[in-house]
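Observations on the model geometry
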Amino acid sequence: MTERIEGVVLTLICTLVLASYGRAQKINGGGNTNVPGQLPSIHLVSPEPDGQWTLPAGDYANTRYSPLNQINTQNVKNLKMVGSMSTGIARGHEGQPLVVNGTMYVITPFPNNLIALDLSKPGFPMKWKYEPHPDPRSQGVACCDVVNRGASYADGKIVYATLDNHIVAVDANTGKEVWRTLVGDIHIGETTTGAPLIVRNIVITGDAGGELGVRGKVVGLDLKTGKEIWRAYSTGPDKDVLIGPDFKPFYPKDQGKDLGVTTWPPDGWKLGGGTVWGWISYDPETDLIFYGTGNPGVWNPDMRPGDNKWGITIFARKPETGEAKWAFQVVPHDAWDYDEIMENIAVDMDWHGKMRKLLIHPGRSGFVFVLDRETGELLSAEKFQPVNWAKAYDLKTGMPEVDPAKVTHTGVIAREVCPSSTGGKEFVPSALSPRTGLLYIPAHNTCMDHEGIDANYIAGTPYLGSSTTMYPGPGGYQGELVAWDVANAKQVWGVKDPDLPVYSGVLATGGDVVFYGTMEGWFRALDAHTGAILWQMKLGSGIVGDPITFKGPDGQQYVAVYSGVGGWMGAAAQPSISLADPYAALGITGAMKKIKQLTAPGGTLYVFGL
Amino acid sequence: MIRRIHMEIALLATCALLLCSGCTQQPVQAAAEGGLPGVKIPVGPIPGPQMEFKMPTNPYEENSVAMEEGRRLFVWYNCYGCHGGHAGGGMGPSLRGPVWIYGGDPAHVFASIAEGRGKGMPSWGTKIPQDQIWKLVAYIETLGTPQEPDAPHVAPDPQVKEKK
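What comes next is a walk through the structure. All values derive from a computational prediction rather than experimental measurement. (Residues numbered from 1 in each chain as written. Chains lettered and ligands numbered in written order. Predicted model: local features only at pLDDT ≥ 70, side-chain atom pairs only at ≥ 80, totals over all residues. Heavy atoms only, no water.)

With that out of the way, let us pick up the layout of surface pockets. The rolling of a water-molecule-sized probe over the atoms marks out the regions of remaining empty space. All names here are of chain B. Taken as a whole, the largest pocket encloses approximately 1000 Å³ of empty space. Lining the largest pocket are 44 residues, and of these His83, Met91, Gly92, Pro93 and Ile101 lie nearest its centre. Taken together, the elements giving at least two residues each to the lining of the largest pocket come down to helix H4 (79-83), helix H5 (106-115) and helix H6 (130-142). (1 Å grid on protein atoms, 1.4 Å probe; cavity = no way out; pocket = protein on both sides within 12 Å on 5 of 7 lines; lining within 4 Å. Points joined across faces, edges and corners; volume = space filled by probe spheres on them. Helix = DSSP H or I, 4+ residues; strand = E, 2+ residues; numbered from the N terminus.)

Here it is as structure tokens:
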């Protein structure tokens, strides 16, 4: 094991040396990227977390950066576990807890309990537990484990979603339910797994079920009452998508009337997917929310000729009304299940010598997309993992240059397509440090053989039409924590994992430490500049959650993370999935051959301090 | 009032038990008379004196044409989307054994499909004709055995091949 780590460190040093050569020749801006002691020209657009963690990503802009610096590159080696708590649920623990007013709030996978822990007492005893009792049948329609990606806090309430599509608001002091609103229907395959975002008085939340012919949507609820204020579908006529006179997409390909209907075969849009189960970000300066939509409904692309809007699209909307401001369809007529529901990070940054309002989207399709978040113009799209479905993006048209050999058809197996449906990365969120200018991407290197087959729509069952097998991609590794120089659109260093994808979120701190976990269960602290592993500890189960940091009531900095392997790929650790079937769990088992040996299901919150 | 009702129920139950000592076949017969045959069978252990249940048997057992047909139906009815392309699991559990939540003998597998199960297994009894359910059962019973139609084989990774 130590040998392997040493190997990684060596590779790192080499990468670093090479990277610094690369930098010497660079032509564009961001001159201060990754220079210790010098800050790159980055302007954060939303308040940084102030020692609490009240939003899923810590801030509105989704940087997952905390300025706390008590734990730093010098002392992180002394990090110790100071608390742990089992949730009693051995399923995928995605997402992250919140910390508000000296209390930590843990949201569990199904049955979606909310547990309040008192951070002012040793061992962090439980204050109360709220149990929403979601419909057990929702477990059967949850495509990729019965996960939950967290809550948002505002106005004395913790707000989150249950798997059976209730949005609940719970009094943060008493644990009493304030309101509960049903926003979806499990009988048509709808579930809700994403974390809501609260902007002023509006709770914004999406849905899941793109594998079951669900018509994706986002709703805005009144924070006080839970009443639905707006609903924006991802498919259908403009009035359903909340596309009106203010809608100004940058590219001609995204302009036109009722594209959510006309880019589909008749009625196809009604089962058209485009669900919104990832992260929602908000930029107070442009007053826009941003999110991406998932795959268009039915995986077999032959069954839905057309661009299939607005599947796999990044939307910018007004938080109060939901009205669309712009949209950029990242992948038209998807043939790979490249949901682009990943984080959209809003920062102002030196871009080719000029400060610009950027939206950074490290995508499942294997590219890091950089957009102008005022207009939706694509400024850059570069590969961060092995990618062969498209050669590149044309920045003039916003279109990918697709390799037709990598497009599946009914009865035709497209072989060695990279990345696989699970992507160059999954929903697991990156972090961006304004101190290094680097984006820390939890990446996967998995490829697939993908065949379209006929599909039969039966409400509440998968609407798939595909037969897929996945396996490790080229290069002899499966996961990588990639440090990406945004300004120069290239990798600076990476920490590779030979056997499993990196499936945890990332946290960057003011102490120049980057935290993340491996699916095997190593919780790691890296030097944000060099990628050197400064500290690591093996936790009880694989890590698919997102680390957070906070200041305790004692004034000390702490770091917390869930351990509990699961999610689409991680569910292969469950005894209910057999590795003897390479087509099991939508084809991931071939890429997860070692998982049952390397980890086992669990569900524990861990807290670390100096 | 409520207590009295409870007592009455308890009395009735005891009488039923006493009277029923000679009617061990009844649950199966009841199933044959009304409702769906083969679904009124116990999932859990049976308390009290031992009773012999005759489980309904699969008319298509050992019928290879029916097994093939069951494989086709497994894809046609979208079972594969939840249980994995070759039933290795996903949204629903692996059906490739040896672990069964609700019993793995043909009658229980039939009941799981016809009635549905609590954690999200749809109830197919009103959607799929009985003989097709038995064909699905016939296919499920072959999983992992040499008779399995269209059995999956875990191929070596193309990238690994390349490296050699």
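That was the structure; now back to the text.
Here the focus is the interface of chain A and chain B. Residue-level contacts link 36 residues of chain A with 31 residues of chain B. Carbon and sulfur atoms supply 59% of the area that chain A and chain B bury against each other, a total of about 2600 Å² over both sides. When the area that chain A buries against chain B is broken down by residue, the three leading residues are Gly140, Asn456 and Pro462 of chain A, summing to 18%. At the junction of chain A with chain B, the criterion picks out 0 salt bridges. Residue assignment for the side of chain A that touches chain B shows that the elements contributing at least two residues are strand S30 (466-472) and helix H5 (584-587) of chain A. When the residues that make up the side of chain A that touches chain B are grouped by side-chain class, the tally is 21 nonpolar, 11 polar and 4 charged. (Contact = heavy atoms within 4.5 Å. Buried area = accessible area lost by both parts, 1.4 Å probe. Salt bridge = Lys/Arg side-chain N within 4 Å of Asp/Glu carboxyl O. Nonpolar A, V, L, I, M, F, W, Y, C, P; charged D, E, K, R; others polar.)

A few words now on the pairing of strand S11 (residues 177-182) of chain A. All names here are of chain A. Here strand S10 (residues 166-171) pairs with S11 via 5 bridges, running antiparallel. Along S11, the bridge assignment pairs Val170 with Glu177. Here S10 hands over to S11 after 5 residues, with Gly175 in that stretch at a positive phi of 80°. (Pairing = 2+ DSSP bridges.)

Let's shift gears to the sheet that holds strand S6 (residues 114-118) of chain A. Residues and elements named next belong to chain A. Read across the open sheet, the 4 strands follow the order S4-S5-S6-S7; overall the sheet is antiparallel. Two strands close off the open sheet at either side, each with one partner strand: strand S4 (98-100) and strand S7 (126-130). This sheet shows a mean twist of 20° between the axes of neighbouring strands, independent of strand direction. (Axes fitted to C-alpha atoms, helices over the stretch in contact; angles between N-to-C directions.)

Residue and element names in this part refer to chain A. Taken in spatial order, the 4 strands line up as S8-S9-S10-S11 in an open sheet, and their pairing is antiparallel. Looking at which strands have only one partner, the edges of the open sheet turn out to be strand S8 (152-154) and S11. Here the average twist between neighbouring strands, direction ignored, is 20°.

All names here are of chain A. Tallying each qualifying case throughout the model produces 5 cavities of 30 Å³ or more. Within this model, the largest cavity holds a volume of roughly 220 Å³. Cys143, Cys144, Arg149, Glu211 and Trp277 are the residues nearest the centre of the largest cavity, which is lined by 26 residues in total.

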